[in-house]
Amino acid sequence: YYWACLNSQRERIDKAPHLDGARYEGFIYKAKGFSIGDRHKLREMFDRKPQLYPWYTGEIYVIHPAIVPNAERDDFESSPAKNALQLAIRTEVDQALIPDAESFQAEGVARDRILKYRDELSQVETRLQGVPASGVETFATDLDTYSRLDDILRDMKRQKKGASLEDRPQAEDIIKRAERLQRQLRR
């Protein structure tokens, strides 16, 4: 059995100001009420995406009687049961924990881009209506603006795939607004 908690800030737990990350990032084995090893022991299970390991904190409870801690309590004695445990952990990491973290990361990045592009498109709309921009980024020419809208469209179409269900309509709205602004510039 295990529990896992993903940092809501989309970063390493050691960057969370209210936590001592060295104590909480990653996973630790628990067996018969004792910690086995330290939180670095399971880092190798995230070899496909090692940057995501410190985003998690959690514990793996080893309850099978055939998996026995060694005398130092820094690992388990070698056995087929220990090998089966490691295989089960690797499978769970690859099929659940890493995909969950990747999805969470993609949703956060998409949300950030939606907010950024929504503001940027509002600035372009204001400029195209003839209102002078004050303290905002302006583009030198309509071609520069058109090129920036191309960049926004390309990125937003990619980000929409990773966006949450509630953010997808906003992503679609940004795509439609950018396409409309490009048509307006072409005219």
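Refer to the preceding data block for the structure.
Residue indices follow the written sequence of each chain, beginning from 1 at its first position. Residue-level local features of this predicted model are given only where pLDDT is at least 70; pairs of side-chain atoms are given and counted only at 80 or more, and the full residue set underlies all totals for whole chains, interfaces and linings. Computation of side-chain values: all heavy atoms of the structure, hydrogens and water removed.

**Q** Got a minute to help me understand the environment of Gln159 in this structure?
**A** Relative to the elements of secondary structure, Gln159 occurs in helix α3 (residues 142-162). As a C-alpha pair, Gln159 and Glu25 span 134 residues in sequence and 28 Å in three-dimensional space. The criterion used for residue contact is that any of the two residues' heavy atoms lie within 4.5 Å. Setting aside residues no more than four positions away along its own chain, Gln159 makes contact with Ala106, Val109, Ala110 and Arg113. Helix numbers and strand numbers start at the N terminus; a helix is a DSSP run of H or I with at least 4 residues, a strand a run of E with at least 2.

**Q** Even after reading the chapter, I still don't get the packing of helix α2 (residues 80-128) against helix α4 (residues 168-186), so can you show me in this structure?
**A** For any two helices packed against each other, the geometry comes down to the angle between their axes and how far apart the axes lie. Between α2 and α4, whose axes approach to 10 Å, the crossing angle comes to 25 degrees. Classified by the angle their axes make, α2 and α4 are roughly parallel. Two packed elements cross with a definite hand, and for α2 against α4 that hand is left-handed. Note on element contacts: α4 touches α2 through Gln170, Ala171, Ile174, Arg177, Ala178, Arg180, Leu181, Gln184 and Leu185, opposite Ile114, Tyr117, Arg118, Leu121, Ser122, Val124, Glu125 and Leu128. A breakdown of the residues in the contact of α2 with α4 according to their chemical character gives 10 nonpolar, three polar and four charged. Interaxial angles span 0 to 180 degrees and are taken between N-to-C directions of axes, which are lines fitted to C-alpha atoms, for helices over the stretch in contact. To sort the angles, those under 35 degrees are grouped as roughly parallel, those over 145 as roughly antiparallel, those from 65 to 115 as roughly perpendicular, and the leftovers as oblique. Take the far helix as your reference; a near helix turned counterclockwise from it by less than a right angle gives a left-handed crossing, and one turned clockwise gives a right-handed crossing. Gly counts as polar in this scheme, as do all residues outside two lists: the nonpolar Ala, Val, Leu, Ile, Met, Phe, Trp, Tyr, Cys and Pro, and the charged Asp, Glu, Lys and Arg.

**Q** Would you explain α4 in this entry?
**A** In an α-helix, one turn spans 3.6 residues, which is why side chains three or four residues apart end up on the same side. Helix length check: α4, at 19 residues, gives a terminal C-alpha distance of 27 Å against a target of 27 Å (1.5 Å per residue), a fit within 8%. When accessible area is computed with a 1.4 Å probe and restricted to protein chains, residues below 20% of their type maximum are described as buried, those above 50% as exposed, and intermediate ones as partly exposed. All of the buried residues along α4 are Ala171, Ile174, Ile175, Arg177, Ala178, Leu181, Gln182 and Leu185. Down the axis of α4, the buried set is contained in an arc of 165 degrees. They therefore lie on one face. Exposed residues lying more than 90 degrees from the buried face of α4 are Pro169 and Lys176. For α4, the secondary structure elements touched by its buried residues are α2 and α3. The length a helix should cover is 1.5 Å for every residue beyond the first. This arc corresponds to the set of directions leading from the helix axis out to the C-beta atoms.

**Q** What should I look at first to understand the packing of α2 against α3 in this one?
**A** It is at 9 Å that the axes of α2 and α3 come closest, and there the two elements cross at 155 degrees. It follows that α2 is roughly antiparallel to α3 by the angle criterion. Along this stretch, α2 crosses α3, giving a crossing that reads as left-handed. Here the contact of α2 with α3 is built from residues that sort into 10 nonpolar, four polar and eight charged.

**Q** Help me understand the pattern of salt bridges, please; the structure alone is not making it clear to me.
**A** Side chains that differ in charge, positive against negative, can pair when their charged atoms come close. Here, a salt bridge means any Lys or Arg side-chain nitrogen found within 4 Å of an Asp or Glu carboxyl oxygen. A full pass over the atoms with the stated rule returns 18 salt bridges. One salt bridge in this structure joins Arg177 and Glu125, with 2.9 Å as the shortest N-O distance. Remark: Glu125 occurs in helix α2 and Arg177 occurs in helix α4; sequence separation between them is 52 residues. In this structure Arg177 comes out as buried when scored by relative accessible area, which is 13%. A salt bridge links Glu172 to Lys160, with the nearest nitrogen and oxygen atoms 2.6 Å apart. With Glu172 in helix α4 and Lys160 in helix α3, this pair connects stretches of sequence that are 12 residues apart. For Lys160, a relative accessible area of 28% corresponds to the partly exposed category. Here the salt bridges share partners, and the residues they tie into one network are Arg12, Glu25 and Arg43.

As far as function goes, none of this settles anything; it's purely spatial.
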